[in-house]
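# Summary of structural features
In case you want the letters, here they are:
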Amino acid sequence: MSLEVEEIPVPLKRHDSLFGDAEKVSHSKYHGSQVSWMRTLSLAFQSIGIIYGDIGTSPLYVYSSTFPNGIKNNDDLLGVLSLILYTLIIIPMLKYVFIVLYANDNGDGGTFALYSLISRYAKIRMIPDQQAEDAAVSNYHIEAPNSQLRRAQWVKQKLESSKAAKIVLFTLTILGTSMVIGDGTLTPAISVLSAVSGIREKAPGLTQTQVVLISVAILFMLFSVQRFGTDKVGYTFAPVISVWFILIAGIGMYNLVIHDIGVLRAFNPMYIVQYFTRNGKDGWVSLGGIVLCVTGTEGMFADLGHFNIRAIQLSFNGILFPSVALCYIGQAAYLRKFPNDVADTFYKSIPAPMFWPTFIVAILAAIIASQAMLSGAFAILSKALSLGCMPRVRVIHTSHKYEGQVYIPEVNFMMGLASIVVTIAFKTTTNIGNAYGICVVTTFAITTHLMTVVMLLIWKKHVIFIMLFYVVFGSIELIYLSSILSKFIEGGYLPFCFALVIMSLMATWHYVQVKRYWYELDHIVPISEMTTLLEQSDVRRIPGVGLLYTELVQGIPPVFPRLIKKIPSVHSIFIFMSIKHLPISRVVPAERFIFRQVGPREHRMFRCVARYGYSDKLEEPKEFAVFLVDRLKMFIQEESAFAQIEPDRHSGGINFHVNPIVEEEKQLIDKEVERGMVYLMGEANVTAKAKSSILKKIVVNYVYTFLRKNLTEGHKALAIPKDQLLKVGITYEI
């Protein structure tokens, strides 16, 4: 049977199995640039509770960390206040709010998003799993460098051809991830401890040890409730932090008017020059305490996916900056009259009738600040999984409304334990602050370097603008970092040791995964060999659908012949299944799967690549299976339709032949699905070759093996039912 179809003016072109649905996908952006003002105002209010808890609670400990040995000269307060104000203006406001937020990846921000954005424009990832079809995904949105812009082309070529450049970018990314984890560990410790310390104003008999124990109890509760997610109490966050900002702004205004309105002179930057002239090296060392006023700044960028640029700009400039600045100004005015109270400035400066309300809100604000950083750390780690930097661990999505709110049990336990140990060991906010500042400034510096690459490669800005950005922000961050490093032995070593351990584990896992991928790529099974295997007399086709999980996105993995030799049978419908994470935040479901036929059609074997963005949630097994089967039937129908299209020589149109076999194949698939679906996974034991170096043997045979055996197994992370799982053991020597 044939049907006459109207003439098609363009040549016939083969499409992948998703062509029909891909056309329906909206090209809307996620950064919310097109939303209404009412929606933007609503998001701005919500952002107050999610991303400003950390930077908003900094006034609890900045002055005490800056003057650990007391105030020697009253005019030093003007210099420090001026440094605080201009640090707030330059780093969070100018750098992040008005520049960095625009380097979002389809609305998602953070160090990992910058790396993913760069990897779309240049092939810098060390696992060669790029496919031409990836660029057709609607959220990919890459714009090839213009031929006139030779600099962007030159940068792209250098990045792609230099292994050292790839390693540097990858190292910066995992260092940033490690520092965020360190931040998530230290934020609860310093925020809760500084808030609880205020109780000694009304109960002077309490010792510092007792304050530490109260803080530990709160921290234990905080980490224990992580599994319930912030969504359960999300609506209370913004009102509580809003009340906090109103309180600190009001108290700051009160202290300014009552004690010394003259501190407003600190807006003159000459007081910074005088401060350093007067104090020399001591002034430089004090920068380690001053930089704590911008803790949590990276959260504005990392949590961009929940809001939009305009909402964050409104909330920062309209609420956060005025409130926090007034608080610091008021504290400086109070200290001008009572310099001996610098060790506990915040609580000493509160008017007596306002103490208990402020104390209660301070505790709540500290807990919320900690919660926000923990959620951010979990979200970044869940994104790092798509880089192959970590074993597949169970990522639990705690919110149906906010996709970025996730919980990782193993990580939560380790961070909670580390936070409690730090609180007990360091005991004071000053000591914790020495460690805390390194996490903050290192993350700033990494963002500056990655942003410079984005400006060169993607934004294609004028070289003068790029140099200004790099020199101005890079030099300021370098000065702050050098100051913090001067306190290395006083606590600054902690985040370095912490980051070194985490980076070593992430680098080890990634190194072995890359080597394993290349091993499988070098040992792929030719189609002819697979066909020969299947045609052997002792190989039976058994009922049901078999899914063999493999990292490879092309070719037959070496575990397949081993499976045939051990169990000489293959399911009636067999799919080589790959889970692939694209360097974008989300892949819409309609573009999730790519199918290809493997071998002769009568073998009914397919290759399927399921593509996810780093913010996407893996479906539950039943939902995944239904979706997979539906797309497989669609692929078979489209492949058959394409194969049956042929030009009509007489009319100039085309003939479309309907193949009745297609319906039989679709019915067969439904029948085999009812008989059962079996998930097969290669249990690869990776070992170093006998001639390998001692270091490589330690990394591969011991560290990697320890991680693989002690963290959640892959089938649990993919939520594969145990009764449908079959593992096939194989050893790779790399």
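The structure presented is a predicted model; accordingly, all values stated were derived computationally and were not measured.

Let us look at the overall build of the chain. Within the chain, the regular secondary structure consists of 26 helices and eleven strands. Here the chain holds 734 residues, and the buried ones make up 57% of them. The long-range share in the chain, meaning contacts at least 24 apart out of those at least 6 apart in sequence, stands at 84%. Surface accessibility of the chain: about 31500 Å² in total, with carbon and sulfur atoms responsible for 62%.

A sheet is described by the order of its strands in space; here six strands give the open sequence β6-β7-β5-β4-β10-β11, paired in mixed fashion. Whereas interior strands pair on both sides, the edge strands pair on one side only; in this sheet they are β6 (593-597) and β11 (725-733). The mean inter-strand angle of the sheet, taken between neighbouring strand axes irrespective of direction, is 25°. One ladder, built from nine bridges, connects strand β10 (residues 677-687) with β11; its direction is parallel. Across the sheet, residue N685 finds its bridge partner in β11, namely T731.

It is worth spelling out the pairing of strand β7 (residues 605-612) at this point. Within β7, eight of the eight residues are buried, which leaves the element mostly enclosed by the surrounding structure. Pairing between strand β5 (residues 569-581) and β7: eight bridges, direction parallel. Directly across from F574, in β7, lies its bridge partner M605. For β6 and β7, the ladder comprises five bridges, and the chain directions are antiparallel. Its bridge partner lying in β7, R596 is registered against R607.

The next point concerns helix α19 (residues 463-485). Counted at 1.5 Å a residue, the expected span for α19 with its 23 residues is 33 Å, and the 31 Å between its end C-alpha atoms agrees. Of all the positions in α19, only I466, F469, F473, E477, Y480, L481, S483 and I484 are classed as buried.

Now for the packing of aromatic side chains. Considering all chains together, one arrives at 24 aromatic pairs under this definition. Between Y52 and F316, the ring centres sit 6.4 Å apart and the planes meet at 55°, which makes this aromatic pair tilted. With a gap of 264 residues between them, Y52 in the loop between α2 (37-51) and α3 (53-56) and F316 in helix α14 (residues 309-337) connect regions that are remote in the sequence. Overall, the relative accessible area of 1% leaves Y52 in the buried class. Using a relative accessible area of 0% as the deciding quantity, one classes F316 as buried. Ring geometry for Y63 against Y328: centres 6.2 Å apart, planes inclined by 65°, an arrangement best described as edge-to-face. Of this pair, Y63 sits in helix α4 (residues 62-66) while Y328 sits in helix α14, placing them 265 residues apart in sequence. The buried category is assigned to Y328, whose relative accessible area is 0%. Clustering of aromatic rings is evident, with ring pairs tying together W244, F346, Y347, F355, W356 and F359. Lying over the aromatic face of W37, R310 brings its terminal NZ or CZ to 4.9 Å of the ring centre.

Where helix α8 (residues 163-196) meets helix α17 (residues 409-426), the axes come as close as 8 Å, and the angle between the chain directions of the two elements is 50°. One element, α8, and the other, α17, form an angle in the oblique class. When the axes of α8 and α17 are compared, the crossing they make is right-handed. Taken together, the residues of α17 that come into contact with α8 (itself represented by I181, G184, T185, L186, P188 and A189) are M415, A418, S419, V422 and T423. For the contact of α8 with α17, the per-class residue count stands at seven nonpolar, four polar and no charged.

For the rest of this paragraph, the subject is empty space enclosed by the protein. One way to see where empty space is left: roll a probe the size of a water molecule over the atoms. If you walk through the whole model with that rule in mind, you get six cavities of 30 Å³ or more. By volume, the largest cavity amounts to about 200 Å³. Taken together, 21 residues make up the lining of the largest cavity; nearest its centre are D183, G296, E298, G299 and M373. For the lining of the largest cavity, the secondary structure elements donating two or more residues are α2, α8, α13 (298-302), α16 (355-384) and α18 (429-459).

Taken N-terminus to C-terminus, the directions of helix α6 (residues 111-121) and α8 make an angle of 160°; their axes are 9 Å apart at the nearest point. Judged by the angle between their axes, α6 and α8 are roughly antiparallel. Remark: the crossing between α6 and α8 carries left-handed chirality. Here T111, F112, Y115 and I118 of α6 come into contact with α8, specifically with L169, F170 and T173.

So, about the pairing of strand β4 (residues 540-549). With eight bridges connecting them, β4 and β5 associate as parallel partners. Counted as the bridge partner of V545 is I573 from β5. As paired strands, β4 and β10 are joined by five bridges and run parallel to one another. Its bridge partner lying in β10, V545 is registered against M677.

Take the nonpolar core next. Membership of the largest hydrophobic core comes to 155 residues, with the highest contact counts inside it found for Y63 and L159. With 16 residues, the single largest contributor to this core is α18. Setting aside its immediate chain neighbours within four residues, L159 contacts I118, A122, I124, A165, K166, L169, V453 and L457.

Okay, α16 next. Between its terminal C-alpha atoms α16 stretches 43 Å, which fits the 44 Å expected from 30 residues at 1.5 Å a residue. Counting buried residues along α16, 26 of its 30 residues qualify, which places the element largely inside the surrounding structure.

As for its placement among the helices and strands, S116 is situated in helix α6. The contact partners of S116, leaving out residues within four places of it in the chain, are D105, P583 and Y614.

Non-glycine residue K460 carries a positive phi angle of around 55°. In this fold, K460 is placed in the loop between α18 and α19. Notably, R604 is not glycine yet its phi reads approximately 50°, a positive angle. Tracing the chain through its elements places R604 in the loop between β6 and β7.

All right, on to the environment of V454 then. On the secondary structure map, V454 appears in helix α18. V454 sits 351 residues away from A103 along the chain, and the two C-alpha atoms are 7.6 Å apart. Here V454 is in contact with A103, L114, L117, I118 and W459, once residues within four sequence places are set aside.

How each quantity is defined
Residues numbered from 1 in each chain as written. Predicted model: local features only at pLDDT ≥ 70, side-chain atom pairs only at ≥ 80, totals over all residues. Heavy atoms only, no water. Helix = DSSP H or I, 4+ residues; strand = E, 2+ residues; numbered from the N terminus. Buried < 20%, exposed > 50% of the residue type's maximum accessible area, 1.4 Å probe, protein only. Contact = heavy atoms within 4.5 Å. Areas by Shrake-Rupley, 256 points an atom, 1.4 Å probe, with all protein chains shown as cover. Pairing = 2+ DSSP bridges. Axes fitted to C-alpha atoms, helices over the stretch in contact; angles between N-to-C directions. Expected span 1.5 Å × (residues − 1). Phe/Tyr/Trp six-rings, centres within 6.5 Å; stacked < 30°, edge-to-face > 60°. Lys NZ or Arg CZ within 6 Å of the ring centre and 35° of its normal. Parallel < 35°, antiparallel > 145°, perpendicular 65-115°, else oblique. Left-handed = near helix turned anticlockwise from the far one by under 90°. Nonpolar A, V, L, I, M, F, W, Y, C, P; charged D, E, K, R; others polar. 1 Å grid on protein atoms, 1.4 Å probe; cavity = no way out; pocket = protein on both sides within 12 Å on 5 of 7 lines; lining within 4 Å. Points joined across faces, edges and corners; volume = space filled by probe spheres on them. Core = buried A, V, L, I, M, F, W, Y, C linked by side-chain atoms within 4.5 Å.

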